[in-house]
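Examination of the molecular architecture
Here's the letter readout for the chains.
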Amino acid sequence: MNIFELRFVNIGIFFLLIFSSGYWLHHAGKPYGAILFNVHKLIGFGLFVFLIVRIYQLNHTTPLSAVEWLAFVIAGLFFIATIVFGGLVSIDKPMPAVVALAHKLLPYLTVVSTAISLYLLLRHK
Ligand code: HEM
């Protein structure tokens, strides 16, 4: 396993942490424990920022193709939507059921689209 693949494993571990803390929050219910809630949202947001910085750096050394950009933009939009709906689901006001549903489904779309983008990067020359 090279350094590049090792980084992908790290990203997978962060997703595992976000998902497990998310399921934990769901089962514990409101009011959410402060530590768990902050771990969940900070790792989620931190991973998003980390990926943007890494893509920016990579594009600087070897420019990304149009297909790679498209994959990253789609993954980025899913990430943003997941974070926004996560914020909405966590506020104390009653929200339409679609908000909770969105923060149930969007995380999977985020993982799949991020995995596809990273797979494309593995073949990046
Ligand atoms: C990429 C970022 C994120 C991912 C992948 C993610 C993923 C998840 C998952 C899988 C769940 C369990 C959903 C369920 O089955 O009920 C969950 C729950 C939750 N997430 Fe996130 N999340 C992210 C970001 C955030 C952020 C930024 C916030 C808050 C600002 C947040 C707040 C919550 C809350 C409050 C719950 C519990 C919802 C409930 O009680 O049903 N999440 N998250």
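Scroll up for the structure.
The structure contained in this document is the topic of the report that follows. Computed from a prediction, not measured in an experiment: that's the story for all the values here.

The environment of the ligand is made up of 21 residues, and the closest members are H26, Y32, H40, H103 and K104. One of the side-chain nitrogen or oxygen atoms of Y32 is found 2.7 Å away from an oxygen atom of the ligand. Counting only elements with at least two residues in the shell around the ligand, the list comes to α1 (3–28), α2 (34–61), α3 (66–90) and α4 (97–122). Examining the composition of the shell around the ligand, we find that seven residues originate from one element, α3, more than from any other. In terms of residue class, the shell around the ligand is built from 10 nonpolar, nine polar and two charged.

This part covers the coordination of the iron atom of the ligand. Coordination of the iron atom of the ligand by the protein involves H40 (NE2) and H103 (NE2), with metal-donor separations of 2.0 to 2.1 Å. Here the iron atom of the ligand binds six donor atoms, and the angle range of 87 to 179 degrees at the metal identifies the geometry as octahedral. Residue H40 is found in helix α2, and its partner H103 is found in helix α4; the two are separated by 63 residues along the sequence.

I11, F15, L47 and L121 are the most contacted members of the largest nonpolar core, which totals 16 residues. The set of elements that each furnish at least two residues to this core consists of α1, α2, α3 and α4. Per-element accounting of this core gives the leading share, six residues, to α2. Once you skip the residues sitting within four places of it in the chain, L47 turns out to touch I11, F14, F15, I18 and F79.

A few words now on α2. One turn of an α-helix holds 3.6 residues; hence residues three or four places apart share an orientation. Over its 28 residues, α2 extends 40 Å from the first C-alpha to the last, a length consistent with the 40 Å expected when each residue adds 1.5 Å. Residues L36, H40, I43, G44, L47, F48, L51, I55 and L58 constitute the buried set of α2.

Counting across every chain of the model gives six aromatic pairs. Summarising the aromatic geometry, the rings of F19 and Y108 are spaced 5.4 Å apart at their centres and angled 65 degrees between planes, so their arrangement reads as edge-to-face. Separated by 89 residues along the polypeptide, F19 in helix α1 and Y108 in helix α4 bring together distant segments of the chain. Of the residues examined, F19 reaches a relative accessible area of 17% and is grouped as buried. On the basis of relative accessible area, Y108 is assigned to the partly exposed category, the value being 42%. These aromatic residues form a ring-pair network of at least three members: F15, F45, F48 and F79.

About the thresholds
- Position numbers for residues start from 1 in each chain and track the written sequence from start to end.
- Given that this is a predicted model, residues contribute local features only at a pLDDT of at least 70 and side-chain atom pairs are listed and counted only at 80 or more, while totals for whole chains, interfaces and linings are drawn from all residues.
- The side-chain figures draw on all heavy atoms in the structure; neither hydrogens nor water molecules are used.
- Distances are taken per atom, and a residue is near a molecule or strand as soon as one of its heavy atoms is within 4 Å of it.
- Between N or O atoms, a polar contact is any pair within 3.5 Å; within protein, one atom must be a potential hydrogen donor and the other a potential acceptor, and residues adjacent in sequence are included only when both atoms are from side chains.
- What counts as a helix is a DSSP run of H or I of at least four residues, what counts as a strand is a run of E of at least two, and both are numbered from the N terminus.
- For this classification, the nonpolar set comprises Ala, Val, Leu, Ile, Met, Phe, Trp, Tyr, Cys and Pro, the charged set comprises Asp, Glu, Lys and Arg, and every other residue, Gly included, is treated as polar.
- Each metal's donors are the N, O and S atoms within 2.8 Å of it, or within 3.2 Å when it is Na, K or Ca, and because water is not part of the set, sites may look incomplete.
- Under the classification used here, a metal with four donors is tetrahedral if each angle lies between 85 and 135 degrees, square planar if opposite donors are over 155 degrees apart and the others between 65 and 115, a six-donor metal meeting that same test is octahedral, and anything else is irregular.
- Only buried residues count toward a nonpolar core, which is a set of Ala, Val, Leu, Ile, Met, Phe, Trp, Tyr and Cys residues joined through side-chain atoms within 4.5 Å.
- Exposure categories follow from relative accessible area, calculated using a 1.4 Å probe and restricted to protein chains: below 20% of the type maximum is buried, above 50% is exposed, and the middle band is partly exposed.
- Contacts are assigned to residue pairs with any non-hydrogen atoms lying within 4.5 Å of each other.
- A helix's residues, less one, multiplied by 1.5 Å, set its expected span.
- Planes of paired rings set the category: under 30 degrees apart is stacked, over 60 is edge-to-face and the rest tilted, where pairs are Phe, Tyr or Trp rings (Trp by its six-membered ring) whose centres lie within 6.5 Å.

So yeah, pure geometry; function would need other evidence.
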